[in-house]
Amino acid sequence: MHVEKISLNKQDFLYKHKRKDTTFKSSFRTVYNDNFSLKYNTNTCFFRSDLNWKDFVNYLNTKYKNTQKVNIIDFACSTGEEPYSLAMLLDLQLGKDAEKFFPIRAFDIDEDNIDSAKKGIFSIHKTELDFLENNVEDKYKNYFRVLTDNYGVPVWFVSNDNIESKVIFEQSDMLKDMFKIPSNNTVLFCKNVFPYLANGEEYNLVKQISKQLDASSAIVLGCFDISYGIDKLFEKEGFKHTSQYNVMEKLPYHKAVVQNILRTFKIK
Ligand SMILES: C[S@@+](CC[C@H](N)C(=O)[O-])C[C@H]1O[C@@H](n2cnc3c(N)ncnc32)[C@H](O)[C@@H]1O
């Protein structure tokens, strides 16, 4: 399936984006295809600044006020900082009401990322520490043993049971396994991954996600995906932006949604 031209050629887009990327890990890896073109970057960080995390947790709390169980699925979670950020904030902001959101299930295609996430040892950059403190003050200490440098500045976090029990990590390819996720009351993180997919795979994946999820669910995109135009593809499939710009929900009676239902039941 041909994807609409999104303004730049893919490798140019990836290169330009890399130069203004707002993540700060010194340890992220760049993985290349056999022909030396960029396959993906694994960069991420705690409370990456492309989501207003506190408002997002309020949004979840309101949307799922009367729901018993919510499935939070994080595809392309890299080394785990993203699901751990959400787990901390849900726990701190919602207390007992956060239980229905756990465990978060987090996946990445890259075995090394998943091994690293399971080990739970994170190097922390100064800017990332600012992001952490803006969101949870110094309460990250409830979830991580903190190792500091000679000046007392945190440089390594080691996860403890308080957080490890809240996230399950597994290796998985979102192109193959998306059909396994539950349809209702699912919040699907698929942040900052679409531009890395091969031409055509992006739109097929958008369609698959749109078919899979019902109107009780939501998706969370990254700034990288939105500047690549992926939200526009979701709009075509019946999704709309919510008050949280990166978060999209499905319109229950959109033409594309009705067509999907008819296709599923083979009604012409
Ligand atoms: C830039 S990181 C995004 C990390 C995180 N979601 C964030 O926004 O900070 C992109 C990740 O996508 C993963 N990835 C690429 N293709 C994938 C696929 N088909 N299925 C699952 N993960 C994939 C890579 O391994 C990499 O860790």
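Going by the structure above, here's the rest.
Small disclaimer: the values here were computed from a predicted structure and weren't measured.

Draft legend 1. Spatial organisation of the site of the ligand. Of all residues adjacent to the ligand, which total 23 residues, the nearest are Thr44, Ala76, Ser78, Lys191 and Asn192. Those elements giving two or more residues to the shell around the ligand turn out to be β2 (38-41) and α7 (174-177).

Draft legend 2. Molecular detail of unusual backbone geometry. Following Phe102, the chain continues into Pro103 via a peptide bond in cis, with omega recorded as -5°. Assignment of secondary structure puts Pro103 in the loop between α3 (81-94) and β4 (104-108). The backbone of Ser78 shows a phi angle near 55°, a positive value even though the residue is not glycine. By the secondary structure assignment, Ser78 is in the loop between β3 (71-75) and α3. The exposure class assigned to Ser78 is buried, which follows from the 29 C-beta atoms found within 10 Å.

Draft legend 3. Quick look at the environment of Thr42. Tracing the chain through its elements places Thr42 in the loop between β2 and α2 (53-63). On the basis of neighbour counts, which here come to 19 C-beta atoms within 10 Å, the residue Thr42 falls in the partly exposed class. Separated by 79 residues in sequence, Thr42 and Ile121 have C-alpha atoms that sit 16 Å apart. In contact with Thr42, not counting residues within four places along its chain, are Phe28, Arg29, Ser78, Thr79, Asp110 and Asn113.

Draft legend 4. Up close: the sheet that holds strand β10 (residues 218-220). Strand order in this open sheet of 7 strands is β8-β4-β3-β9-β10-β12-β11, and the pairing throughout is mixed. Two strands lie at the open edges of the sheet, namely β8 (167-171) and β11 (239-241), each paired on one side alone. Sheet twist, expressed as the average angle between the axes of neighbouring strands with direction ignored, equals 20°. Two strands pair when backbone bridges link them, and β10 and strand β12 (residues 247-250) are joined in this way by 3 bridges, in the antiparallel orientation.

Draft legend 5. Up close: α3. Here α3 is 14 residues long and its end C-alpha atoms lie 20 Å apart, about the 20 Å a rise of 1.5 Å per residue gives. Counting buried positions along α3 yields 11 of 14 residues, so the element is predominantly enclosed. Those residues of α3 not exposed but buried are Glu81, Glu82, Pro83, Tyr84, Ser85, Leu86, Ala87, Met88, Leu89, Leu90 and Asp91. Just downstream of α3, Gly95 is the residue with a positive phi angle, here 55°.

Draft legend 6. Expanded view of the packing of α2 against α3. Between α2 and α3, whose axes approach to 10 Å, the crossing angle comes to 65°. Crossing of α2 against α3: the hand is right-handed. In this structure, α2 contributes Trp53, Lys54, Val57 and Asn61 to the contact, and α3 contributes Ser85, Leu89, Leu90, Gln93 and Leu94. In terms of residue class, the contact of α2 with α3 is made up of 5 nonpolar, 3 polar and 1 charged.

Draft legend 7. Examining the pairing of β12 more closely. Bridge count for β11 against β12 is 3 bridges, and the pairing is antiparallel. By the bridge assignment for β12, Phe239 is matched with Lys250. Between β11 and the antiparallel strand that follows it, β12, lie 5 residues.

Draft legend 8. Spotlight on the sheet that holds strand β6 (residues 144-148). With antiparallel pairing, the 3 strands of this open sheet are ordered in space as β5-β7-β6. In this open sheet, the two edge strands, each paired with only one partner strand, are β5 (121-123) and β6. The mean inter-strand angle of the sheet, taken between neighbouring strand axes irrespective of direction, is 20°. Of the strand pairs in this sheet, β6 and strand β7 (residues 154-159) are connected by 5 bridges, and their pairing is antiparallel. When the sheet's bridge partners are listed, Phe144 is paired in β7 with Ser159.

Draft legend 9. Summary view of the environment of Leu221. Looking at where Leu221 falls in the secondary structure, it is placed in the loop between β10 and α9 (223-227). A residue is classified by how many C-beta atoms lie within 10 Å of it, and Leu221, with 26 of them, is buried. The spatial distance from the C-alpha of Leu221 to the C-alpha of Leu147 is 32 Å, given a sequence separation of 74 residues. Setting aside residues up to four positions removed in sequence, Leu221 forms contacts with Cys190, Lys191, Ile226, Ile230, Asp231, Asn246 and Met248.

Draft legend 10. Geometry of the environment of Asn150. By secondary structure assignment, the location of Asn150 is in the loop between β6 and β7. Separated by 87 residues in the primary sequence, Asn150 and Glu237 have C-alpha atoms spaced 53 Å apart.

Draft legend 11. Expanded view of the nonpolar core. Core analysis: the biggest nonpolar cluster contains 66 residues, and Leu188, Cys190 and Ile219 have the highest contact counts within it. Residues in contact with Cys190, not counting those within four places in the same chain, are Phe75, Ala76, Met174, Ile219 and Leu221.

Procedures and definitions
- Residues numbered from 1 in each chain as written.
- Predicted model: local features only at pLDDT ≥ 70, side-chain atom pairs only at ≥ 80, totals over all residues.
- Near = placed C-beta within 6 Å.
- Helix = DSSP H or I, 4+ residues; strand = E, 2+ residues; numbered from the N terminus.
- Buried ≥ 20, exposed ≤ 12 C-beta atoms within 10 Å, placed from the backbone.
- Contact = placed C-beta atoms within 7 Å.
- Pairing = 2+ DSSP bridges.
- Axes fitted to C-alpha atoms, helices over the stretch in contact; angles between N-to-C directions.
- Expected span 1.5 Å × (residues − 1).
- Left-handed = near helix turned anticlockwise from the far one by under 90°.
- Nonpolar A, V, L, I, M, F, W, Y, C, P; charged D, E, K, R; others polar.
- Core = buried A, V, L, I, M, F, W, Y, C linked by C-beta atoms within 7 Å.

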